[in-house]
Amino acid sequence: MALIFGITESLKSLKSELNYNGIHRFNSVKQIKEFLSNYNSEKLTILKNESDKLDGEYSNISSNLKRLIKERDEIINSETNRIDNKISDLQNKIDIINNRDVNFLRKLFLKIKLYSLNKQINQLVNSKSSSVNSLVKDLNKSIQNDELFIKIYKKDKENLIRKRAKSKLDELEHTRNVLENLKNLISGAIGENLVVKEIKKLSDDYALINDFNLSFSRPIYYKKYNERIRSVQIDHLLISRAGIFIIETKNWSKSSVNTNSLRSPIKQIERANFALYIYISDNISLNEHHWGEQTIPIRNLIVMINNKPTGKFKYVAVKLLKELNDYLEYFEPVLTQSQLEKVTRQLTKS
């Protein structure tokens, strides 16, 4: 299997954009594709889960409501009976006193006592309702809350489900909107990921550096386009015994391939080739050949995932993804294994 170094630039950018937007659920491009394909079913799953939870809550609250009502009735009956019994006892005392035949002084004393007993009865009668209510105050509050929930559940269940699912649905919608705005970046990441997977099928005589970057403290002058190059970025740099391949990946539709308004990647890859040639000339020396200093072939390659333009072009080969490995393996080796390892070491640390 080919050696792989680093992750692709599109994937780095995609992860950065997702993190910036507070999205952390994806670990691969495959998961993103699955999310976009399954968006509607995931939305329905959220609503169904909330519906199931709500049904379970309704069942529990209904059972709990019956228990609370029973408990409240028992407390009311118990307290009512307690007060009524107390009133009855007081009334019996009053009746006994009224039936007594006593002298004047004793009658005067009993009159005072009757007043006290009647007062107690009046207090019990007047406070009976508040006394009972105070004991079931908390229960009544719980019963009212449960009855309100059941009323809303029966009257407007669907709206209740949506309210409860709102935060999850909003997060789902936010994720989809972000991904829709990043579709070009996702398309690029998918294309680059497919190239990496394809190159992985090659032998360990190949080393792939994803998102290869070069920068120059002193800009280099590129005469062909009359510009100074400070840095270059290459989607994939493939090192093999046949030399080095600069690979740019394009996941374009057929219409995009035939659209003249899109910038051709050929100038970009030519520029990268020149910069890489200067860097290698200054930093990598292969002195093992008896004829002298050996050059390292650098080839330009654009990989189109599904569609490619017709015709051939100067300075660059354009291949479909399915043609990639056959093209790479076509070239004869020009480097020894030790030279390959030396070039790989130097370029992976640049």
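Conventions used here
Residues numbered from 1 in each chain as written. Predicted model: local features only at pLDDT ≥ 70, side-chain atom pairs only at ≥ 80, totals over all residues. Heavy atoms only, no water. Helix = DSSP H or I, 4+ residues; strand = E, 2+ residues; numbered from the N terminus. Buried < 20%, exposed > 50% of the residue type's maximum accessible area, 1.4 Å probe, protein only. Contact = heavy atoms within 4.5 Å. Expected span 1.5 Å × (residues − 1). Lys, Arg positive; Asp, Glu negative; His and termini not counted. Salt bridge = Lys/Arg side-chain N within 4 Å of Asp/Glu carboxyl O. Axes fitted to C-alpha atoms, helices over the stretch in contact; angles between N-to-C directions. Parallel < 35°, antiparallel > 145°, perpendicular 65-115°, else oblique. Left-handed = near helix turned anticlockwise from the far one by under 90°. Nonpolar A, V, L, I, M, F, W, Y, C, P; charged D, E, K, R; others polar. Pairing = 2+ DSSP bridges. Core = buried A, V, L, I, M, F, W, Y, C linked by side-chain atoms within 4.5 Å. pLDDT = per-residue confidence, 0-100.

Once that is clear, we can look at the overall build of the protein chain. Helices and strands together make up the secondary structure of the protein chain, namely 10 helices and six strands. Once the C-alpha set of the protein chain is aligned to its principal axes, its extents read approximately 150 × 40 × 40 Å. By the burial criterion, 37% of the 350 residues in the protein chain qualify as buried. Taking as baseline every contact in the protein chain between residues at least 6 positions apart, the subset at least 24 positions apart corresponds to 74%.

To continue, consider helix α8 (residues 266-283). With 18 residues, α8 extends 26 Å between its outermost C-alpha atoms, agreeing within 8% with the 26 Å of an ideal straight helix rising 1.5 Å per residue. I266, I269, E270, A272, N273, A275, L276, Y279 and I280 are the residues of α8 that are buried.

Once that is clear, we can look at the side chain of K250. The topology assignment puts K250 in strand β4 (residues 243-250). Comment: no salt bridge for buried K250; closest opposite-charge side chain is E248, at 4.6 Å. With residues up to four places along the chain from it excluded, the contact list for K250 reads P265, Q268, I302, V303, M304 and I305.

To continue, consider the packing of helix α1 (residues 9-20) against helix α6 (residues 183-199). Interhelical geometry of α1 versus α6 gives an angle of 140° and a closest axis separation of 8 Å. Between α1 and α6, the crossing angle belongs to the class labelled oblique. As α1 packs across α6, the resulting crossing turns out to be left-handed. In this structure, α1 contributes E9, S10, L11, S13, L14 and E17 to the contact, and α6 contributes L185, I186, G188, A189 and E192. Partitioning the contact of α1 with α6 into residue classes produces five nonpolar, three polar and three charged.

Turning to the sheet that holds strand β2 (residues 207-222), a few remarks are in order. Pairing within the open sheet is mixed, and its six strands lie in the order β1-β2-β3-β4-β5-β6. A strand with exactly one partner marks an edge of an open sheet, and here the two such strands are β1 (3-5) and β6 (317-320). Each strand of the sheet is rotated relative to its neighbour by a mean of 45°, with strand direction disregarded. Taken together, the 11 bridges between β2 and strand β3 (residues 227-240) define a ladder with antiparallel strand orientation. Across the sheet, N213 pairs through a bridge with Q233, a residue of β3. α6 contacts β1, β2, β3, β4 and β5 (298-304) of the sheet and is inclined by roughly 45° relative to β3. Along the sheet, α8 contacts β2, β3, β4 and β5; its crossing angle with β2, the most-contacted strand, is approximately 80°.

Of all hydrophobic cores here, the largest spans 35 residues; its most connected members are L237, I244, L276 and L347. Counting residues per element, the ones that place at least two in this core are β2, β3, β4, α8, β5, β6 and α10 (337-348). Residues within four places of I244 in sequence aside, it is in contact with L237, L238, I239, L276, I280, I296, P297, I298, R299, V343 and L347. Core analysis: the next-biggest nonpolar cluster, separate from the first, contains 31 residues, L54, L65, I150 and I186 among them.

Taken as a whole, the protein chain shows an average pLDDT of 90; of its residues, 95% reach a score of 70 or greater. Here helix α7 (residues 254-257) stands out as the least confident element of the protein chain, with mean pLDDT 74; helix α5 (residues 137-181) is the most confident, with 96.

Turning to the pattern of salt bridges, a few remarks are in order. In the structure shown here, the tally under the stated rule is 17 salt bridges. R67 is paired through a salt bridge with E71; the nearest N and O atoms lie 3.2 Å apart. Linking R67 with E71, this pair stays in helix α3 (residues 39-98), spanning four residues, or about one helical turn. Classification of E71 as partly exposed rests on a relative accessible area of 31%. Salt-bridge contacts for E270 lead to K224; the nearest nitrogen and oxygen are separated by 2.3 Å. In this pair, E270 sits in helix α8 while K224 sits in the loop between β2 and β3, placing the two residues 46 residues apart along the sequence. Put simply, E50, K53 and K168 are held in one network by salt bridges that share partners.

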